[in-house]
Structures are given as C-alpha cells and as structure tokens.
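Architecture and fold: a report
As a plain string of letters, each chain reads:
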Amino acid sequence: MIQNKQYTLKKPELASFTSIPDVIKELTGHYVLRWCICKVTDEELVIEATTYDGELGRFAIGASDRHYPGKRVVVSIIPTGVGCDIGGYAGDAAPITSMLAAATDYLITNPNAVNASNFINLESNVVYTEGSSIDLFCQGSVDFHLPYTNRVGLIIDKVPDQSLDVIFNVLNAVRAIHGVDVRDYVITERPIGGRCVWNKSGIFVGTVDNPDVLFGACDELIAKGVNAIAVASTIQDLPLNIYADHFAGKYPNPIGGTEAIISYLITRRYQMPSAHAPLINVKQLELEHNIVDARGAGEMSSTSGLACILIGLRRAPQLGPRANSRVADVINLNNLLAVVAPAGCLGGVPALYAQAYGVPVIAVRQNRTILDVTKSKLGLQNVIEAETYAEAAGILLALQRGINLESIVRPLQTLRYCNYSAS
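This write-up is about the structure you can find in this document.

Conventions and cut-offs
Residues numbered from 1 in each chain as written. Predicted model: local features only at pLDDT ≥ 70, side-chain atom pairs only at ≥ 80, totals over all residues. Heavy atoms only, no water. Buried < 20%, exposed > 50% of the residue type's maximum accessible area, 1.4 Å probe, protein only. Helix = DSSP H or I, 4+ residues; strand = E, 2+ residues; numbered from the N terminus. Pairing = 2+ DSSP bridges. 1 Å grid on protein atoms, 1.4 Å probe; cavity = no way out; pocket = protein on both sides within 12 Å on 5 of 7 lines; lining within 4 Å. Points joined across faces, edges and corners; volume = space filled by probe spheres on them. Nonpolar A, V, L, I, M, F, W, Y, C, P; charged D, E, K, R; others polar. Axes fitted to C-alpha atoms, helices over the stretch in contact; angles between N-to-C directions. Left-handed = near helix turned anticlockwise from the far one by under 90°. Contact = heavy atoms within 4.5 Å. Phe/Tyr/Trp six-rings, centres within 6.5 Å; stacked < 30°, edge-to-face > 60°. Lys NZ or Arg CZ within 6 Å of the ring centre and 35° of its normal.

So, about the pairing of strand 3 (residues 44-52). Counting buried positions along strand 3 yields eight of nine residues, so the element is predominantly enclosed. Sheet analysis places strand 1 (residues 2-10) next to strand 3, joined by nine bridges and oriented antiparallel. Bridge pairing links I2 to Y52 in strand 3. As paired elements, strand 2 (residues 31-40) and strand 3 share eight bridges and run antiparallel to each other. Counted as the bridge partner of K39 is V46 from strand 3. Connecting strand 2 to the antiparallel partner strand 3 that follows it, the hairpin turn spans three residues.

Let us now look at empty space enclosed by the protein. A full pass over the atoms with the stated rule returns two cavities of 30 Å³ or more. Looking at the second largest cavity, its volume works out to about 30 Å³. Surrounding the second largest cavity, H145, P147, Q318, G320, P321, R322, S325 and V327 form its lining. Grouping the constituent residues of the lining of the second largest cavity by class yields three nonpolar, four polar and one charged.

Across the sheet, which stays open at both edges, the three strands sit in the order 13-12-15 with mixed pairing between neighbours. Looking along the sheet, the strands with just one partner apiece sit at the ends: strand 13 (204-208) and strand 15 (235-236).

What follows is about the sheet that holds strand 16 (residues 274-278). The strand order across the open sheet built from four strands is 11-10-14-16, with neighbouring strands paired in parallel fashion. Looking along the sheet, the strands with just one partner apiece sit at the ends: strand 11 (182-187) and strand 16. Strand-to-strand, the axes of this sheet are offset by a mean angle of 20°, without reference to chain direction.

Before going further, it helps to examine the pairing of strand 13. In terms of burial, strand 13 is largely enclosed, as five of its five residues are buried. Residues of strand 13 alternate between two faces, with F204, G206 and V208 on one and V205 and T207 on the opposite face, all of them buried. As judged from the five bridges shared by strand 12 (residues 194-198) and strand 13, these two strands associate in the antiparallel manner. Within strand 13, the residue paired with G194 across the bridge is V208. Following strand 12, the chain reverses through five residues before pairing antiparallel with strand 13; G202 in that reversal takes a positive phi of roughly 95°.

Another aspect to go through is the packing of helix 4 (residues 161-178) against helix 9 (residues 306-313). Interaxial distance between helix 4 and helix 9 falls to 9 Å at its minimum, and their mutual angle equals 40°. Helix-helix and strand crossings are classified by hand; for helix 4 and helix 9 the assignment is right-handed. Across from I167, V170, L171, V174 and H178 in helix 4, the residues of helix 9 making contact are L306, A307, L310 and I311. Its residues assigned to classes, the contact of helix 4 with helix 9 shows eight nonpolar, one polar and no charged.

Okay, the packing of aromatic side chains next. Under the definition given, this model contains eight aromatic pairs. Consider the rings of W198 and F204, whose centres lie 5.0 Å apart with planes at 10°: the pair is stacked. Using a relative accessible area of 0% as the deciding quantity, one classes F204 as buried. A network of ring pairs unites the aromatic residues Y52, F215 and Y270 as a single cluster. Across from the ring centre of F215, 4.1 Å away, lies the NZ or CZ of R269, which sits over that ring.

In structure tokens form, the structure reads like this:
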C-alpha cells in the first residue's frame with residue numbers, strides 16, 4: 001500500500017536533516033519512497049512523505065570512495081507539484097537547463113524540467129533521470145553509468161483501441177525519427193490505477209491502486225532484455241478545474257506527483273531508469289483562453305505525453321554496471337560541483353545532503369513556488385543565493401574555475417596586518 005502523510009517533527013528529535021528518512025521509517029515501519037520539508041517553524045519541521053509497505057531495493061547511504069576524476073557535475077532540481085514558476089509546466093525549464101548545462105560537463109535534472117509531450121529540448125550533456133535516482137546520487141548511494149543507449153520497454157495502461165492507435169503512432173515516430181531502441185511493449189490487462197492526491201500543504205503527490213500490475217509488466221519486459229522502462233497510463237481523480245487553472249498559469253501541475261510515484265516505484269524496485277507520461281493528454285477542459293499559458297503549450301498541443309520520455313530514456317543513466325550495456329562514462333557524488341534549486345524549496349534530499357557533504361547549493365529566487373523552505377529557515381550554511389538562473393550560471397563558472405565569489409563583488413575587503421598604520 002502507498003500512503004501520503006504529513007509528519008510534524010520536533011527539531012531536537014533529529015540528529016541532522018539527513019536522519020529524516022530513518023525517523024519517518026521508524027514512525028511508519030514502511031519504506032520511504034520520497035519526502036520533503038514543506039514547512040519550517042522555530043521549533044518543528046513539517047514533512048510530507050510517501051511510504052510503501054512492499055519490497056523495494058535497498059541502498060546504503062554514504063559518500064562513495066570511488067573517484068572518476070575530470071568531470072564536473074551539477075544537479076538542477078525542478079520540484080514537481082509545487083508550482084514552480086519555471087519548470088512547473090510542460091518542459092518550460094528547458095532553456096535554463098540548457099544554459100546551466102553550458103557551464104558544466106554534465107547537468108543532471110529531472111524529466112519534468114525538459115518534458116513537453118511531443119517536444120523535448122535535451123542537450124547532449126544533460127543527464128535525464130527521475131527524482132529517486134537523483135536522491136540516491138546525492139546521498140552517495142549510487143554511481144551513474146552513462147550509456148551510449150538504452151533498450152527501452154514500454155508499459156501501456158489498459159485503454160480503448162482508439163487510444164492505442166495514438167500511442168503506437170507516437171511510438172513508431174520516435175523509433176523512425178530519433179532512432180530510439182524501443183525493444184518491446186506490454187499492454188496491461190488491468191488498470192495501473194494512478195491517482196492524483198492533493199496534500200494538506202498544497203503539494204500535488206499521488207498514489208497507485210495496483211502496483212502489482214505495474215511490477216508484473218516490468219518483470220515481463222525485463223525478461224525480454226530491456227534496461228529502461230517507460231510507462232504511459234491514465235491518471236484518475238484529476239481535478240479538472242485546477243488543471244484548467246494550471247493552463248492559465250495559476251496552479252501547480254496536478255499530474256506530476258502521481259508520475260513521480262510511478263517512476264520511483266520502478267527505479268527503487270528494479271534499479272533501472274524509468275519515466276512516466278500521461279497516456280492521452282486531457283483536452284476536455286473549460287479553459288479561460290483556448291491559447292493557454294505559453295509554459296503549458298507543449299502539453300496542450302500534443303495528443304499524448306509519451307514521445308518525450310522515450311527520447312529522454314534513450315540515454316538515461318543506469319544506477320550501476322549492467323550486463324550487455326556499453327558505458328560512455330561514470331560519475332558519482334565526488335564529481336558534484338553544486339546543486340541548483342529554487343530558493344524556497346531547499347527541504348529536499350539533494351539540498352540537504354549537499355549540506356552534509358559540503359557541496360554548494362545555489363538557491364534561485366526567481367523560481368518562486370508555493371513553499372517557503374529557505375536557507376534562513378533551515379539554517380543552511382552552504383547556500384549561495386542568486387536572483388536569476390543567468391546569475392546561477394555565472395556562479396557555476398566561477399566555482400569550476402576556483403574563483404572566490406567575494407572577489408567578483410564590490411566593495412572588496414582589504415586585508416591588513418595588525419600593526420599596519422596608514423601614514
């Protein structure tokens with residue numbers, strides 16, 4: 001069973017921010033799929049967590065002693081379901097992702113930053129991987145093995161034949177135009193049952209009625225030799241009025257939280273890359289304007305959300321060496337130059353583990369969200385605040401060149417020895 005709950009933790013109960021997963025597991029007895037700090041007061045933290053009581057893979061937390069020198073890595077986090085001004089829509093964070101990627105060797109980001117149904121803007125050095133894999137990377141639990149290509153398997157939710165016509169046209173277009181190796185597919189006999197959930201904090205998350213259907217399809221595809229899994233399914237309990245307001249630029253995307261849970265389940269159980277897309281994009285909405293907010297236009301102008309995840313999964317990182325897979329490069333926590341995140345969303349795994357490992361976090365004020373979990377409220381010491389993503393890119397360039405940021409702002413403090421006296 002999957003549960004989304006809110007927990008209030010007293011600050012003295014925590015040895016550190018990184019002990020939060022263990023505290024939640026102790027409270028629930030279940031596997032913690034994902035968690036984040038959604039509110040901070042002087043005395044306590046409010047945590048939103050998704051737990052699962054089934055069997056998943058286990059990963060040790062701790063910085064790896066394996067080193068792969070010569071590659072600089074940046075993680076750019078665009079949280080889903082929290083109303084990011086940039087990245088909370090259909091791939092509208094792609095331009096800033098490309099800009100940040102120009103300032104490093106590899107830029108790791110989550111799929112919703114660049115996914116836009118039929119449209120995806122994916123630079124060759126952007127590492128496309130879902131949030132669970134990013135969490136494991138930032139904890140030091142896994143190395144990313146970057147493949148030349150993956151063998152992608154597709155899970156299609158049980159739907160009427162007319163929807164299958166759309167899906168297979170998209171599937172064949174991606175194979176013909178982008179050269180993606182879609183090895184095989186499974187059409188489920190029962191619905192997967194993804195459902196949209198709106199938490200108390202205003203964050204959109206999700207649940208899955210039938211994880212066994214999802215896992216059964218994965219087992220079938222893996223037996224056929226795939227090493228990356230795409231899922232196209234229907235999301236239930238979607239609040240259509242809020243979804244319409246989303247396309248007017250007023251609300252977070254209510255679908256992304258459910259998509260994250262589906263991909264988290266697959267990645268944690270099978271230790272391979274995965275991504276989810278809406279099977280058929282919702283069109284029957286009472287829209288304020290037929291021409292929607294520009295940030296959501298990619299989704300509104302596409303029939304299915306499938307194309308972008310198939311393209312993204314082609315070179316998504318494996319969480320370890322895998323038989324019959326050629327690897328172009330390997331990176332891990334020791335390559336991490338910085339984490340970039342919205343300034344009000346610093347309560348997730350990447351930012352908090354960056355604090356633990358002494359990795360700089362660049363907090364971008366421009367990317368507002370519904371949360372207010374900031375540097376000052378958490379007492380983080382390793383955060384560099386930037387007004388815009390353009391400024392964040394400049395900071396990344398300075399960090400990789402070893403330039404002290406104090407040296408490029410004015411006034412610049414003059415150092416003098418103690419007995420110095422001006423004549």
